[in-house]
Amino acid sequence: MTVSPDLNLRSLRGVLFDMDGVIYIGSRLLPGVQQMFDYLESTGRKWLCVTNNASRTPAQFVEKLKEMGVRATPEHILGSAEATIGWLAEQIRDHGWPRGKVILVGQDGLKAALKQHGFETTQEPNEATYAVAGINFEVTYEELARCTLAIRNGARFLGTNSDPSYPSERGMLPGAGSILALLATATGVNPIVIGKPNPGMYDQAIRRMGLLPEAAMMVGDRYDTDIAGALAMGLATTGVLTGVCSRADFESAPTPPHLIVNDLVELRRAFEQADA
Ligand SMILES: [Mg+2]
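Residues numbered from 1 in each chain as written. Predicted model: local features only at pLDDT ≥ 70, side-chain atom pairs only at ≥ 80, totals over all residues.

Across its full length, the protein carries ten helices and 15 strands. The C-alpha radius of gyration computed for the protein amounts to 19 Å, which stays within 12% of the reference 19 Å derived for 276 residues, consistent with globular compactness. The principal-axis extents of the C-alpha atoms in the protein amount to approximately 60 × 40 × 40 Å. Split into buried and exposed, the 276 residues of the protein put 43% on the buried side. Across the protein, contacts joining residues at least 24 apart in sequence account for 69% of those joining residues at least 6 apart. (Helix = DSSP H or I, 4+ residues; strand = E, 2+ residues; numbered from the N terminus. Rg over C-alpha atoms; globule rule 2.2 N^0.38 Å. Buried ≥ 20, exposed ≤ 12 C-beta atoms within 10 Å, placed from the backbone. Contact = placed C-beta atoms within 7 Å.)

Next up, the structure:
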């Protein structure tokens with residue numbers, strides 16, 4: 001375990017967890033997850049899973065966790081679909097952005113979030129005020145064409161997350177960032193992206209927990225998305241070695257995470273020691 005001297009675990013009131021590579025890999029649960037959540041709850045701390053995966057709804061993530069034996073409620077999950085649409089709703093409510101219809105490239109996660117926030121969707125490029133794009137494992141040329149026309153027509157272009165690829169059993173496959181790149185190339189317009197490492201996602205997450213950034217910690221397996229974004233927002237950070245980054249990757253970063261642990265078992269022990 002590597003610990004920075006300015007980390008005070010005892011003072012933390014909430015913890016954000018990335019999912020893939022921290023909670024699970026594919027359908028395999030990683031060690032110490034339920035015990036970690038139980039410990040945080042038993043000490044009055046909040047926890048929230050924060051994932052750039054926009055394909056599933058929070059209820060679908062809860063179901064996936066349940067199948068692996070982990071208890072969670074939809075309020076414990078913030079996906080980039082929900083974060084993106086929540087952020088858009090906020091721009092309209094608080095910052096004078098126009099109300100309007102949304103054209104999308106996306107799946108259940110985005111569709112459910114749009115419905116929840118009362119947005120009307122459209123297939124007509126001319127009717128769209130916003131074009132929102134994320135991962136769609138069944139994307140068609142026609143969908144991309146309509147979204148392109150809408151953006152060229154002036155619809156504001158938003159992306160859930162810019163991960164270029166994601167790991168699968170077959171190897172690295174195109175992620176949401178690759179779809180955004182296609183649309184950006186076709187239109188000459190770059191999207192506003194909400195997911196990690198952008199502040200939009202962390203902002204939504206911290207607010208959901210009712211905390212200030214300095215009372216929260218982000219736990220992640222990727223430096224460039226999880227850790228860099230959280231550090232920029234003033235959160236404490238923990239790098240875990242169960243996913244993408246190695247100890248050397250974390251340690252050689254310009255600003256390494258405050259804490260580096262092998263897994264969530266070691267993180268829970270660190271909390272227990274700090275609280276004792
Ligand atoms: Mg991850």
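This part is about the environment of Leu 88. Looking at the secondary structure, you find Leu 88 in helix H3 (residues 80-94). As for Leu 88 and Tyr 130, which are separated by 42 residues in sequence, their C-alpha atoms are 9.3 Å apart. Beyond its immediate chain neighbours, meaning those up to four positions away, Leu 88 contacts Tyr 130 and Leu 158.

It is worth spelling out the domain arrangement of the protein at this point. For the protein, the domain assignment lists domain 1 (2-52 + 197-275) and domain 2 (81-193). Once you take the C-alpha centre of each, domain 1 and domain 2 turn out to be 28 Å apart. Looking at the side of domain 1 that touches domain 2, its residues break down into one nonpolar, five polar and no charged. (Domains from an automatic or database assignment. Nonpolar A, V, L, I, M, F, W, Y, C, P; charged D, E, K, R; others polar.)

One finds Leu 16, Phe 17, Ala 131, Ala 133 and Val 219 to be the most contacted residues of the largest nonpolar core, which totals 74 residues. When residues of this core are sorted by domain, at least three fall in each of domain 1 (2-52 + 197-275) and domain 2 (81-193). Ignoring anything within four residues of it in the chain, the contact list for Leu 16 reads Leu 48, Val 50, Ala 205, Ala 216, Met 218 and Val 219. (Core = buried A, V, L, I, M, F, W, Y, C linked by C-beta atoms within 7 Å.)

A word on the sheet that holds strand E7 (residues 101-105). Adjacent strands of a sheet form backbone hydrogen bonds with each other and so pair up, either parallel or antiparallel. Taken together, the four strands give an open sheet; going across it, the order is E7-E8-E9-E12, and neighbouring strands pair in parallel fashion. In the strand order of this sheet, the two ends are held by E7 and strand E12 (192-193), each with one partner. Two elements, E7 and strand E8 (residues 128-133), share five bridges in a ladder whose sense is parallel. Looking across to E8, one finds that Ile 103 is bridged to Ala 131. (Pairing = 2+ DSSP bridges.)

Attention now moves to the sheet that holds strand E6 (residues 77-79). Taken in spatial order, the seven strands line up as E1-E15-E14-E13-E2-E5-E6 in an open sheet, and their pairing is mixed. Edge positions in the sheet fall to strand E1 (2-3) and E6, since each has one partner strand and no second. When strand E5 (residues 46-51) meets E6, the two strands line up parallel, connected through three bridges. Looking at E6, one finds that Cys 49 is bridged to Ile 77. Contacts from H3 reach E5 and E6 within the one sheet, and its direction differs from that of E6 by about 75 degrees. (Axes fitted to C-alpha atoms, helices over the stretch in contact; angles between N-to-C directions.)

Turning our attention to the packing of helix H1 (residues 33-42) against helix H10 (residues 264-275). For the pair H1 and H10, interaxial distance at closest approach is 8 Å and the crossing angle is 25 degrees. Classified by the angle their axes make, H1 and H10 are roughly parallel. At the point where H1 passes H10, the crossing takes the left-handed sense. Side by side, H1 and H10 meet where Val 33, Gln 35, Met 36 and Tyr 39 of the first sit next to Leu 264, Leu 267, Arg 268 and Phe 271 of the second. Classifying every residue of the contact of H1 with H10 by side-chain character gives six nonpolar, one polar and one charged. (Parallel < 35°, antiparallel > 145°, perpendicular 65-115°, else oblique. Left-handed = near helix turned anticlockwise from the far one by under 90°.)

Let us now look at the environment of Phe 271. In this fold, Phe 271 is placed in helix H10. Between the C-alpha atom of Phe 271 and that of Asn 8, which follows or precedes it by 263 residues, the distance is 9.6 Å. Residues within four places of Phe 271 in sequence aside, it is in contact with Leu 9 and Tyr 39.

Those residues of H1 not exposed but buried are Val 33, Met 36 and Phe 37. The buried residues of H1 occupy one face: seen down the axis, they fall within an arc of 95 degrees. Projecting away from the buried face of H1 at angles above 90 degrees are the exposed residues Gln 35, Asp 38 and Ser 42. Along its buried surface, H1 packs onto strand E4 (28-29), E5 and H10. Two residues or fewer after H1 comes Gly 44, characterised by a positive phi angle close to 75 degrees. (Arc of directions from axis to C-beta.)

Attention now moves to helix H4 (residues 108-116). Residues of H4 that are buried include every one of Gly 109, Leu 110, Ala 113 and Leu 114, and no others. Along the axis of H4, the buried residues cluster in a sector spanning 125 degrees; they form a single face. Looking at the buried side of H4, the elements it contacts are E6, H3, E7 and E8.

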